[in-house]
Amino acid sequence: MFHRELTEQVTKELEGIFGSKNVRLDEPTRRAFSLDYSWFSPLLKKSVEHTLCDAVVFAEHTSQIRALLELAHEKRIPVVVRGAGTGNYAQCVPLKGGVVLDITRIKAKIEFEANEVFVEPGVRLGELKSAAEKRALTLRTYPSTYIVSTVSGYIGGGSGGVGSVEFGSLWEGNVSQVVLVTPVKGEILIKGKALLGVIHAAGTTGVATQIGLPLCEKPELVGFVSSFKTLEDSVSFSLELAKTKG
Ligand SMILES: Cc1cc2nc3c(=O)[nH]c(=O)nc-3n(C[C@H](O)[C@H](O)[C@H](O)COP(=O)(O)OP(=O)(O)OC[C@H]3O[C@@H](n4cnc5c(N)ncnc54)[C@H](O)[C@@H]3O)c2cc1C
């Protein structure tokens with residue numbers, strides 16, 4: 001059975017892990033962090049709008065994540081990990097209450113190594129793109145919400161976007177590795193096919209604390225406007241253009 005509410009003892013333990021200023025129990029905060037952009041869908045909105053977590057915790061170090069998962073595992077408390085909360089399928093909604101874990105403050109590390117970058121989970125994709133472009137590199141794919149969305153939220157809940165015509169979806173070689181924290185096994189380095197258990201898994205298999213992404217050369221972008229006689233002509237042109245290199 002899951003706890004429906006946190007006991008005083010569990011709340012104290014959370015404060016011990018995160019510090020009391022980083023554990024929020026007030027209703028406005030719990031409400032704000034219990035919703036994502038699923039309200040875009042009238043169907044999802046109806047099913048999730050009354051959902052409320054019991055606490056929101058703001059992690060500042062990856063060590064706090066492991067301590068939280070161990071505590072939650074022992075006490076059977078659900079944990080929902082959250083980036084910027086822009087997912088639109090209710091991936092961040094705490095359907096069974098429990099703790100919402102915000103990772104947006106864990107964002108210190110952005111390390112480039114040849115054509116790859118290793119980052120902490122709360123780094124915003126927009127910030128990462130700008131940093132890569134200073135090196136004439138860029139993200140292979142990114143969602144339209146890239147300015148605000150986090151790298152780990154994109155890996156956990158996204159699928160693709162700009163760049164996907166050329167590079168495909170996230171799970172088609174666009175993530176090189178993830179360090180995943182789980183309550184039982186601790187930190188695990190995930191690579192290769194095993195990444196399929198992490199990408200688009202909505203945080204159900206663990207919490208990503210470090211992510212490796214392959215990058216590509218920054219392309220020269222050219223804007224233009226074209227008109228076509230028929231819709232079919234415009235689709236054929238777009239397909240041809242997408243297949244053209246350079
Ligand atoms: C208008 C609009 C346009 C969008 N366009 C696109 C698009 O083009 N392409 C696309 O793919 N998506 C798109 N999205 C969905 C979403 O914005 C993106 O997928 C975004 O990258 C999610 O990032 P986030 O930080 O907001 O993640 P969140 O919404 O915070 O989280 C998404 C999922 O990842 C999990 N998660 C977060 N952090 C971790 C972690 N550290 N470890 C494990 N799991 C974690 C969460 O639990 C959740 O299940 C769009 C959404 C909107 C509202």
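Heads up: the structure comes first, above all this text.
Residues numbered from 1 in each chain as written. Predicted model: local features only at pLDDT ≥ 70, side-chain atom pairs only at ≥ 80, totals over all residues. Heavy atoms only, no water.

**What about the packing of aromatic side chains?**
Stage number 1. What the rule picks out here adds up to seven aromatic pairs.
Stage number 2. Where F33 meets F58, the ring centres are 5.4 Å apart and the plane angle is 85 degrees; that geometry is what we call edge-to-face. A residue pair is termed long-range when its members are at least 10 positions apart, and F33 in the loop between helix 2 (27-32) and helix 3 (42-48) and F58 in strand 2 (residues 55-58) qualify at 25 residues.
Stage number 3. Summarising the aromatic geometry, the rings of F228 and F237 are spaced 5.2 Å apart at their centres and angled 45 degrees between planes, so their arrangement reads as tilted.
Stage number 4. On the basis of relative accessible area, F228 is assigned to the partly exposed category, the value being 36%. (Phe/Tyr/Trp six-rings, centres within 6.5 Å; stacked < 30°, edge-to-face > 60°. Helix = DSSP H or I, 4+ residues; strand = E, 2+ residues; numbered from the N terminus. Buried < 20%, exposed > 50% of the residue type's maximum accessible area, 1.4 Å probe, protein only.)

**Considering the site of the ligand**
Stage number 1. As a structural note, the neighbourhood of the ligand is formed by 31 residues, with V81, T86, T145, T150 and G160 the closest of them.
Stage number 2. At 2.9 Å, a backbone N or O of A84 approaches an oxygen atom of the ligand.
Stage number 3. Within the backbone of G87, an N or O atom sits 2.8 Å from an oxygen atom of the ligand.
Stage number 4. For the ligand, whose unbound accessible area comes to 980 Å², protein coverage reaches 88%.
Stage number 5. The cavity where the ligand resides is the second largest pocket.
Stage number 6. For the shell around the ligand, the elements supplying multiple residues, two or more each, are strand 3 (79-82), helix 6 (151-157) and strand 10 (207-217).
Stage number 7. Among the elements that line the shell around the ligand, the one with the most residues is helix 6, at five residues.
Stage number 8. By residue class, the composition of the shell around the ligand is 11 nonpolar, 19 polar and one charged.
Stage number 9. Per-domain counts for the shell around the ligand show at least three residues from each of domain 1 (8-102) and domain 2 (110-217). (Near = heavy atom within 4 Å. Polar contact = N/O pair within 3.5 Å; in protein donor to acceptor, adjacent residues only side chain to side chain. Areas by Shrake-Rupley, 256 points an atom, 1.4 Å probe, with all protein chains shown as cover. 1 Å grid on protein atoms, 1.4 Å probe; cavity = no way out; pocket = protein on both sides within 12 Å on 5 of 7 lines; lining within 4 Å. Sits in = over half its atoms within 2 Å of the grid points. Nonpolar A, V, L, I, M, F, W, Y, C, P; charged D, E, K, R; others polar. Domains from an automatic or database assignment.)

**Topic: helix 5 (residues 125-133)**
For an α-helix the count is 3.6 residues per turn, leaving residues at separations of three or four pointing the same way.
Stage number 1. Residues of helix 5 that are buried: L125, G126, L128, K129 and A132. Seen end-on, helix 5 carries its buried residues on one side only, within an arc spanning 160 degrees.
Stage number 2. As for helix 5, its buried residues are in contact with strand 5 (110-113), strand 6 (116-119), strand 7 (137-139), helix 6 and strand 10. (Arc of directions from axis to C-beta. Contact = heavy atoms within 4.5 Å.)

**Examining the pairing of strand 6**
Stage number 1. For strand 5 and strand 6, the ladder comprises four bridges, and the chain directions are antiparallel. When the sheet's bridge partners are listed, E111 is paired in strand 6 with F118.
Stage number 2. Hairpin geometry of strand 5 and strand 6 is characterised by an intervening segment of two residues between the two adjacent antiparallel strands and by a positive phi of about 50 degrees at A114.
Stage number 3. Sheet topology places strand 6 next to strand 10; four bridges connect them, and they run antiparallel. (Pairing = 2+ DSSP bridges.)

**A short note on a nonpolar patch on the surface**
Stage number 1. A grouping of V222, F224, F228, F237 and L241 is seen on the molecular surface, where their side chains present a nonpolar patch of about 500 Å² in accessible area.
Stage number 2. Tracing the backbone through its elements, the reader meets L241 in helix 8 (residues 231-243). (Patch = residues over 30% accessible without salt bridge, like charges linked within 9 Å, V, L, I, M, F, W, Y side chains within 5 Å. Salt bridge = Lys/Arg side-chain N within 4 Å of Asp/Glu carboxyl O.)

**Focus on empty space enclosed by the protein**
Stage number 1. The full count for this structure, using the stated rule, is one cavity of 30 Å³ or more.
Stage number 2. Empty space within the largest cavity amounts to approximately 70 Å³.
Stage number 3. Every residue lining the largest cavity is listed: L125, L139, R140, T141, Y154, L170, N174, L213 and P214.
Stage number 4. When its residues are assigned to classes, the lining of the largest cavity shows six nonpolar, two polar and one charged. (Points joined across faces, edges and corners; volume = space filled by probe spheres on them.)

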